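# Residue-level structural notes
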Amino acid sequence: MAESEPMCPERLLMEHVTSRWGTLALIALLDRPHRFSELRREIGQVSEKMLTQTLRTLERDGLVHRDAKPVIPPRVDYSLTDLGREAAEQVRDLARWTERRLTAVERAREAYDATRTRPAAVRTGVPGVTA
């Protein structure tokens, strides 16, 4: 796909849902609505700017509801829409899978890396021939 071509809608939505901060925000909001500062603390290591952008994107996609209350000081709560809850449950399942299978993935990485760190002649058994 050329850089000037627009991304297909499905791929764009998947990017929003599975982005680092999108995934973490959706999972955090599964438990309950959060104020911005609560959500930022819950997620951790996310800048205010990045969380704001992420929440706006998820709100635009219909996954997050922003409820701004006209009080002083202003109070804004974020919650999942029905569509957002559905997406959040899917990414939570993926997150749980990564937790369960991390050891197997680490073993696979170690095995892969071990085959890449030996000299080429050792890997193929033929001097001067790479695998």
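What counts and what doesn't
- Residue numbers run consecutively from 1 along every chain, following the written order of its sequence.
- Reporting of local features is limited, given that this is a predicted model, to residues whose pLDDT is at least 70; pairs of side-chain atoms are given and counted only at 80 or more, and all residues count toward the totals for whole chains, interfaces and linings.
- Water and hydrogen atoms play no part in the side-chain values, which are based on all heavy atoms of the structure.
- Axes here mean lines fitted to C-alpha atoms, for a helix over just the part in contact, with angles spanning 0 to 180 degrees between N-to-C directions.
- Secondary structure follows DSSP: runs of H or I at least 4 residues long count as helices, runs of E at least 2 residues long count as strands, and numbering of each begins at the N terminus.
- For this analysis, residues touch if any pair of their heavy atoms sits within 4.5 Å.
- Polar here means any residue other than Ala, Val, Leu, Ile, Met, Phe, Trp, Tyr, Cys and Pro, which are nonpolar, and Asp, Glu, Lys and Arg, which are charged; Gly is therefore polar.
- Here, a salt bridge means any side-chain nitrogen of Lys or Arg that lies within 4 Å of a carboxyl oxygen of Asp or Glu.
- Classification of residues uses two cut-offs on accessible area relative to the type maximum, computed with a 1.4 Å probe and protein chains only: under 20% is buried, over 50% is exposed, and between them is partly exposed.
- Two strands form a pair only when DSSP identifies at least two bridges running between them.
- Points on a 1 Å grid, built from protein atoms alone, make a cavity when a 1.4 Å probe fits but cannot get out and make a pocket when they are open with protein on both sides within 12 Å along at least 5 of 7 lines; residues with an atom within 4 Å of a point are the lining residues.
- Grid points are joined across faces, edges and corners, and a volume is the space filled by probe spheres set on the points.

### Let's talk about the packing of helix 1 (residues 9–18) against helix 2 (residues 20–31)
Relative to each other, helix 1 and helix 2 sit at 65°, their axes nearing to 5 Å. Residues His-16, Val-17 and Thr-18 of helix 1 form the contact with helix 2, whose participating residues are Arg-20, Gly-22, Thr-23 and Leu-26. Grouping the constituent residues of the contact of helix 1 with helix 2 by class yields two nonpolar, four polar and one charged.

### With respect to the pattern of salt bridges
Taken as a whole and judged by the stated rule, the model has four salt bridges. A salt bridge links Asp-77 to Lys-69; the nearest nitrogen and oxygen atoms lie 3.4 Å apart. Residue classification places Lys-69 among the partly exposed positions, given a relative accessible area of 32%. Across the pair Asp-77 and Arg-75 runs a salt bridge whose closest N-O atoms are separated by 3.1 Å. With relative accessibility at 32%, the residue Arg-75 sits in the partly exposed group. One salt-bridge network, in which partners are shared between bridges, spans Asp-67, Lys-69, Arg-75 and Asp-77.

### A few points about the environment of Ser-37
As for its placement among the helices and strands, Ser-37 is situated in helix 3 (residues 36–43). Along the sequence, Ser-37 and Glu-48 sit eleven residues apart, while their C-alpha atoms lie 8.8 Å from each other.

### Let's talk about the pairing of strand 2 (residues 64–69)
Two strands pair when backbone bridges link them, and strand 2 and strand 3 (residues 75–80) are joined in this way by six bridges, in the antiparallel orientation. Among the inter-strand pairings, His-65 is bridged to a residue of strand 3, identified as Ser-79. Taking the residues between adjacent antiparallel strands as the criterion, strand 2 and strand 3 are bridged by five residues.

### Quick notes on the layout of surface pockets
The computed volume of the largest pocket comes to approximately 220 Å³. If you trace the largest pocket, you find it lined by Leu-13, Met-14, Val-17, Thr-18, Asp-61, Leu-63, Leu-83, Glu-86, Ala-87, Gln-90 and Val-91. Elements with a minimum of two residues in the lining of the largest pocket: helix 1 and helix 5 (82–117). Looking at the lining of the largest pocket, the element that brings in the most residues is helix 5, giving five residues. Broken down by class, the residue content of the lining of the largest pocket amounts to seven nonpolar, two polar and two charged.

### Observations regarding the pairing of strand 3
The element strand 3 is largely enclosed, with a buried count of five among its six residues. Sheet topology places strand 1 (residues 34–35) next to strand 3; two bridges connect them, and they run antiparallel. Counted as the bridge partner of Arg-35 is Asp-77 from strand 3.

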